[in-house]
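Results of the structural survey
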Amino acid sequence: MPQTLKFKTRMDAVQMPIVPVVGDIIRQVPGTISLGQGVVHYGPPREAIEAARAALDDPATHRYQAEAGLPALVDRLAAKLRDENGIDVARGSRVMVTAGANMAFMHAVLAVTEPGDEVILPVPFYFNHEMAIEMAGCTAVLVPTDDRFQLRLDLIRRAITDRTRAIVTISPNNPSGAVFPEATLRDVNTLCRERGLYHFADEVYEYYTYDGVRHVSPGSFPDAAGHTISMYSLSKAYGFAGWRIGYMAYPEHLAPAMMKSQDTILVCPTVISQVAALAALNVGRAYCAPYVAELADVRHLVLDALASLGPLAATPTADGAFYCLLKVHTTMDPMTLAERLIREHKVAVIPGTAFGLRDGCYFRVAYGALQKDTVAEGIGRLAGGLRAICGR
Ligand SMILES: Cc1ncc(COP(=O)(O)O)c(C=O)c1O
């Protein structure tokens, strides 16, 4: 019998990743429709797959390459950041390619903190952000948002202490779908500059906005370059989640710290994925535009169906990403209700507790994987299940 070593570790206080937990229950109930994981239903552009196929025969694909990313990809990303995000890296930023935006966030936390420091996370937060902060030995300081999940600057300002190192914004937001107005993001960015903090801007859903709402990159504001870390991903826009490619633009003075983290955790981003990413970026944003247009219709169907739940539940309008948050007026524990929805009604959603919503029964509804013909079935099961279980 091997000995079981049991020490107290930094991981003890970190929440279990919720998606595999819910995934386990889903696997026990075949035929479940998942409104759980934040994925899109489409894959990468054909050009990306062809480039990857061709790269297999290039010996360079199989060797270590530049730590920050293939120079051709880094240059292409710098041009994209300039043209689409208004971030001119020549004003004092560096670009680094990472294994997804999750790794960019982990690097950023490690680069700007020491154990015991604090990072401000507006609630609802993205669970991996909270987990990364805790793994780094820091404290996630949770700050409520308003009833439409918009930022409360007054509360953020009040949460700053002499241990605060960064404020995180996610816009468009996971899990709420809220898009923060330019003025709010400017205020956060200015507050960070004035108080000597970093602004971590997660812009993974930059292309997913609806009804004319516009995404704005905080890194484009004047004087932002010195304290703003802007994070992006190909996972959603290019149907690239399994290729693990994300990237960030970060202040030049953090280059040594970022390099230490990258070299230790990744050495270099997967070369074949980078070759595919470059080909995808050359196709460009136009690739996902039709999918975003289709999601706009799906979103209307989802919001209308959820609105019909009337007094049983409420869903603030969400202008971006492919999520909304449903508040069910019940005293039931959200995880228990989520499990019953899977087992009894074959539909999966993620409990709001995973996103820091611990006061009330919230669920994140993810519709990125739905198409017009599957949305009615998925949302129908959710609405029917909630009516049956919560009894109104
Ligand atoms: C807000 C947010 N940031 C980062 C990520 C991670 O993306 P990636 O696949 O690039 O690591 C996600 C994925 O769902 C996300 O929702």
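Residues numbered from 1 in each chain as written. Predicted model: local features only at pLDDT ≥ 70, side-chain atom pairs only at ≥ 80, totals over all residues. Heavy atoms only, no water.

Helix and strand counts for the protein chain stand at 12 helices and 13 strands. Its C-alpha atoms give the protein chain a radius of gyration of 21 Å, within 12% of the compact-globule value 21 Å for 392 residues. Once the C-alpha set of the protein chain is aligned to its principal axes, its extents read approximately 65 × 60 × 50 Å. Across the 392 residues in the protein chain, those meeting the buried criterion constitute 56%. Within the protein chain, residue pairs in contact and separated by at least 24 positions form 77% of the contacts whose partners lie at least 6 positions apart. Carbon and sulfur atoms make up 53% of the accessible area of the protein chain, which totals about 16600 Å². (Helix = DSSP H or I, 4+ residues; strand = E, 2+ residues; numbered from the N terminus. Rg over C-alpha atoms; globule rule 2.2 N^0.38 Å. Buried < 20%, exposed > 50% of the residue type's maximum accessible area, 1.4 Å probe, protein only. Contact = heavy atoms within 4.5 Å. Areas by Shrake-Rupley, 256 points an atom, 1.4 Å probe, with all protein chains shown as cover.)

What follows concerns the pairing of strand β10 (residues 323–328). Across the 6 residues of β10, 5 count as buried, placing the element largely inside the fold. By the bridge criterion, 2 bridges tie strand β9 (residues 313–314) to β10 in an arrangement that is antiparallel. Note on β10: the bridge partner recorded for Ala314 is Lys327. In this sheet, strand β13 (residues 361–366) lies alongside β10 in antiparallel orientation, the contact comprising 6 bridges. (Pairing = 2+ DSSP bridges.)

Along the chain, the position of Lys236 falls in the loop between β7 (228–233) and β8 (246–251). As a buried residue without a salt bridge, Lys236 has its nearest oppositely charged side chain in Asp202, at a separation of 9.1 Å. Beyond its immediate sequence surroundings of up to four residues, Lys236 is in contact with Gly38, Val40, Tyr42, Val204, Tyr205, Tyr208, Phe322 and Tyr323. (Lys, Arg positive; Asp, Glu negative; His and termini not counted. Salt bridge = Lys/Arg side-chain N within 4 Å of Asp/Glu carboxyl O.)

The geometry of helix α11 (residues 334–345) relative to helix α12 (residues 372–390) is characterised by a closest axis approach of 10 Å and an angle of 110 degrees between their N-to-C directions. As judged from the angle between their axes, α11 and α12 are roughly perpendicular. Regarding α11 and α12, the two cross each other, and that crossing is right-handed. Residues Leu337, Arg340, Leu341, Glu344 and His345 of α11 form the contact with α12, whose participating residues are Arg381, Leu382, Gly384, Gly385, Leu386, Ala388, Ile389 and Cys390. (Axes fitted to C-alpha atoms, helices over the stretch in contact; angles between N-to-C directions. Parallel < 35°, antiparallel > 145°, perpendicular 65-115°, else oblique. Left-handed = near helix turned anticlockwise from the far one by under 90°.)

This brings us to the pattern of salt bridges. If you walk through the whole model with that rule in mind, you get 16 salt bridges. For the salt bridge of Arg27 with Asp24, the shortest nitrogen-to-oxygen distance reads 2.7 Å. With Arg27 and Asp24 both in helix α1 (residues 18–28) and 3 residues apart, the pair spans about one turn of that helix. Residue class for Asp24 comes out partly exposed when judged on its relative accessible area of 43%. Residue Arg163 is joined to Glu114 by a salt bridge in which the shortest nitrogen-to-oxygen separation is 4.0 Å. Residue Arg163 is located in the loop between α6 (153–159) and β5 (164–170), and its partner Glu114 is located in the loop between α4 (101–112) and β3 (118–123); the two are separated by 49 residues in the primary sequence. Given the relative accessible area of 49%, Glu114 is considered partly exposed. Look at the salt bridges and you will find they share partners, linking Glu114, Asp117, Arg163 and Arg165 into a network.

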